[in-house]
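Structural characterization, general
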Amino acid sequence: MRTEFRLSGSGGQGLLLAGIVLAEAAILDGKNAVQTQSYGPEARGGASKAEVVISAEEIDYPKATDPDFLLALTQESYRTYGKLMKRGLIIVDSSVQLSDEIAARTVSVPILRTAAEDIGKKVVANIVALGALAGISGIVGQSVLGEAVRNRVPKGTEELNLAALAKGFELAKAVKT
Amino acid sequence: MPNAKLMQGNEACTLGALAAGLEFFAGYPITPSTEIAELCAEELPKLGGKFLQMEDEIGSIAAIIGASLTGKKSMTATSGPGFSLMQECIGYSSLCEIPIVIINVQRMGPSTGMPTSPAQGDVMQARWGTHGDHPVIVLAPGNVKECFELTVRAFNLAEKYRVPVIVLMDEVIGHMREKVILPEQSSIKVVNRKAPAAPGSYVPYAADPNGGVPDMAPFGEGFRWHVTGLFHDETGFPSNKGEVADTLLRRINLKVEKNEPEIRDYAVEGVDDCDTLVVTFGCSAMSALSAVRQARKNGIKAGLLRLKTIWPFPEATFDGIMGHVKRVIVPEMNLGQLAGEVERAVARRAAVERLGKVNGELFRPEEILSVITNGAARTAEASK
């Protein structure tokens, strides 16, 4: 079974790193994973995206074709990529105004606010988002994802990032109940 | 899982070069190949090698030719615009028989084009970018692991035949990250150029005229050797004699031509009974593989031939798989550069349908599946 993720937001939000960590966690979990991204002028500001495909089997095509999950942290990325969603779930930051034109199932989660207020660091929004995405999708557990986060984040920031990840998983639980 | 790692294509390529014995890198960083230069700058000095950032791509290739002459395995990495600038020196490397490896991570062209968008428009430039009949080998990885494997192979072929070898990657393959398990260094076959025994009797270009490869002496170790881009005789000194030029040009081209079966490399899926054959390479092959598998599920007898060696073009491969084939589809991110060669190899045994994509976006599997299912003409009609 192939599960496709598209992580979108604005350049500089760290979504590429979030995508890499998600893929690495899947590999730690014994699965196959491919991560791709759009490189463009939009990588500084504007809409940017990273994609991750995870499967227990061989992955032939590396990009998302019909994402199972879209994470959108900004209005622009929600508008751009939300329209392309067919059967998957959209996870948006609660700052995003939802549109009637986008029909896919959507949940709104306070990712940016949780990073800024609960953790006190806006820069960890990507890791909060990663926790929320993993929690909602159930693609990989918190301990494996925590190990992957630990492997990738700068030395000295591990605890901060793990706290952000835990907050993300909490946000996911709130969505489910 | 032993050493399973998420790795980028450009990273795997660099690690392959290091595993093959890379000792010298000179380059001028350019998107989407920059990570190769970055990683070489970081890793080469640790291994006693040298990294040089040059003033441009002409300087870069000239520098690796010079380093190779001293016996060091040398490489540069670039993309379309830089590759264009390197063409003259590729000819020099061919004629002077100086082994070098060039990584070309293709992007949209011509000219500066679209720096961050994938393309496969350098198929012909890789073969014929420099003037005159010349030997060159071009390999095309189709996934991250092959970026490692084919870069190792590029060095081995360059050393064995004393030719420039080009690894033709693309933005998708170069930048994507994939789970890879790299082989142990001890299990990697590494070929080194054959050096002459003693300086006294060394005749630098003495070789069997029927495609022989002369022994190569490293500069600085007492061998006397003249290197020139003019046609030269066995001593390496220039000659204007017709028969000398004829012998030399035929010999250097025969090195590759005669050994095509050994250089040939490809992957197949479903070709035993297919009536629709898809032929492609690099990033397009990932989309094509997905399309062929979906077509099979839909009951269509589709197959895939994915070329890992593009030049010399593996013409004989087609003889083995054309059996039931009625249609050949060639998806590529250019306007038909590989397709022309495929048409030649298919030699009217089946219809060849060209499927070129030049908008800077990787083929979606459905695009190829639709052509497999409906034919190129009818698919184009339907999309109007």
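Residues numbered from 1 in each chain as written. Chains lettered and ligands numbered in written order. Predicted model: local features only at pLDDT ≥ 70, side-chain atom pairs only at ≥ 80, totals over all residues. Heavy atoms only, no water.

To continue, consider the packing of aromatic side chains. The description of an aromatic ring pair rests on the distance of the ring centres and on the angle between the ring planes. Residues and elements named next belong to chain B. Summed over the entire model, instances satisfying the criterion amount to eight aromatic pairs over all chains. Their ring planes at 20 degrees and their centres at 5.9 Å tell us that phenylalanine 313 and phenylalanine 318 sit as a pair that is stacked. Like phenylalanine 313, the residue phenylalanine 318 is buried in the burial classification. Members of the aromatic cluster, each reached through a chain of ring pairs, are Tyr202, Tyr205, Phe219, Phe223 and Trp225. The aromatic ring of tryptophan 128 is capped on one face by arginine 127, whose charged end is 3.9 Å from the ring centroid. (Phe/Tyr/Trp six-rings, centres within 6.5 Å; stacked < 30°, edge-to-face > 60°. Buried < 20%, exposed > 50% of the residue type's maximum accessible area, 1.4 Å probe, protein only. Lys NZ or Arg CZ within 6 Å of the ring centre and 35° of its normal.)

Below, the discussion takes up the sheet that holds strand β15 (residues 351-356) of chain B. All names here are of chain B. Taking strand neighbours across the sheet as the criterion, the five strands line up as β10-β12-β11-β14-β15 in an open arrangement whose pairing is mixed. The sheet terminates laterally at β10 (266-269) and β15, the two strands that pair on one side only. Adjacent strand axes in the sheet meet at a mean angle of 20 degrees when their direction is disregarded. One ladder, built from three bridges, connects strand β11 (residues 276-280) with strand β14 (residues 327-332); its direction is parallel. By the bridge assignment, leucine 277 is partnered in β14 with valine 328. Here helix α12 (residues 337-346) sits on the sheet in contact with β11, β12 (302-307), β14 and β15, set at roughly 160 degrees to β14. (Pairing = 2+ DSSP bridges. Helix = DSSP H or I, 4+ residues; strand = E, 2+ residues; numbered from the N terminus. Axes fitted to C-alpha atoms, helices over the stretch in contact; angles between N-to-C directions. Contact = heavy atoms within 4.5 Å.)

A few words now on the interface of chain A and chain B. At the junction of the two partners, chain A supplies 21 residues and chain B supplies 23 residues. Interface of chain A and chain B: buried area, both sides summed, is about 1,700 Å²; carbon and sulfur atoms make up 57% of it. The interface formed by chain A and chain B includes two salt bridges. At the junction of chain A with chain B, the criterion picks out seven residue pairs in polar contact (both at pLDDT 80 or more). (Buried area = accessible area lost by both parts, 1.4 Å probe. Salt bridge = Lys/Arg side-chain N within 4 Å of Asp/Glu carboxyl O. Polar contact = N/O pair within 3.5 Å; in protein donor to acceptor, adjacent residues only side chain to side chain.)

Attention now goes to the environment of Pro314(B). All names here are of chain B. Relative to the elements of secondary structure, proline 314 occurs in the loop between β13 (309-311) and α11 (315-321). Residue proline 314 is classed as buried on the basis of its relative accessible area, which comes to 0%. When the C-alpha atoms of proline 314 and serine 68 are compared, they prove to be 28 Å apart, with 246 residues separating the residues in sequence. If near-sequence neighbours (up to four positions away) are discounted, proline 314 is found in contact with Glu260, Arg264, Leu307 and Thr309.

What follows is about helix α3 (residues 111-119) of chain A. Residues and elements named next belong to chain A. Here α3 has its buried residues at Ile111, Thr114, Ala115 and Ile119. All buried residues of α3 fall inside an arc of 100 degrees around its axis, so they share one side. Glycine 120 lies just past α3 and shows a positive phi near 85 degrees. (Arc of directions from axis to C-beta.)

This next bit is on the nonpolar core. Residue and element names in this part refer to chain B. One finds Ile36, Met75, Ile103, Ile137 and Ile372 to be the most contacted residues of the largest nonpolar core, which totals 64 residues. Counting contributing residues, this core receives three or more from each of domain 1 (4-187) and domain 2 (265-382). Look past the residues within four positions of isoleucine 36 in its chain and what remains in contact with it is Asn10, Cys13, Thr14, Phe25, Met75, Ala77, Ile103 and Val105. Within the second largest apolar cluster, 53 residues are counted, among which are Phe83, Ile98, Leu168 and Tyr202. (Core = buried A, V, L, I, M, F, W, Y, C linked by side-chain atoms within 4.5 Å. Domains from an automatic or database assignment.)

All names here are of chain B. Locating serine 79 in the fold gives a position in the loop between β4 (74-78) and α4 (80-96). In this structure the C-alpha to C-alpha distance between serine 79 and tyrosine 92, which are 13 residues apart in sequence, comes to 20 Å. In contact with serine 79, other than residues within four places in its own chain, are Ile30, Thr31, Pro32, Ser33, Asn104, Val105, Gln106 and Arg107.

Moving on to the sheet that holds strand β9 (residues 177-181) of chain B. Either a parallel or an antiparallel arrangement is found when strands of a sheet pair, and the pairing is made through backbone hydrogen bonds. The mixed open sheet is built from eight strands, whose spatial order is β6(A)-β5(A)-β4(A)-β1(A)-β3(A)-β2(A)-β9(B)-β1(B). Edge positions in the open sheet fall to β6 (106-109) of chain A together with β1 (4-8) of chain B, since each of these has one partner strand only. Averaged over all pairs of adjacent strands, the angle between strand axes in this sheet comes to 20 degrees, irrespective of strand direction. In this structure, strand β5 (residues 89-93) of chain A lies alongside β6(A), joined through four bridges in parallel fashion. For Ile91(A), the partnering residue across the bridge sits in β6(A) and is Val107(A). Here helix α1 (residues 15-28) of chain A sits on the sheet and contacts β1 (2-10), β2 (32-37), β3 (47-55) and β4 (69-72) of chain A together with β1 and β9 of chain B; the angle it forms with β2(A), its principal contact strand, is near 170 degrees. The sheet strands contacting helix α4 (residues 125-137) of chain A are β1, β4, β5 and β6 of chain A, and the helix crosses β4(A) at an angle near 155 degrees.

The next point concerns the pairing of β4(B). Residue and element names in this part refer to chain B. Along β4, five of the five residues are buried, which leaves the element largely enclosed by surrounding structure. Neither face of β4 is left uncovered, since the one carrying Ser74, Thr76 and Thr78 and the one carrying Met75 and Ala77 both have all their residues buried. Relative to strand β5 (residues 100-108), β4 is paired through four bridges, and the arrangement is parallel. Bridge pairing in β5 links alanine 77 to isoleucine 103. Handedness of the β-α-β unit built from β4, α4 and β5 comes out right-handed. (Right-handed = clockwise from strand over helix to strand, strands pointing away.)

For the rest of this paragraph, the subject is unusual backbone geometry. Residue and element names in this part refer to chain B. With omega at 5 degrees, the peptide bond leading from threonine 31 into proline 32 counts as cis. Tracing the backbone through its elements, the reader meets proline 32 in the loop between β2 (24-27) and α2 (34-43). With an omega of 5 degrees, the peptide bond running from glycine 109 to proline 110 counts as cis. Tracing the sequence through the fold places proline 110 in the loop between β5 and β6 (114-118).

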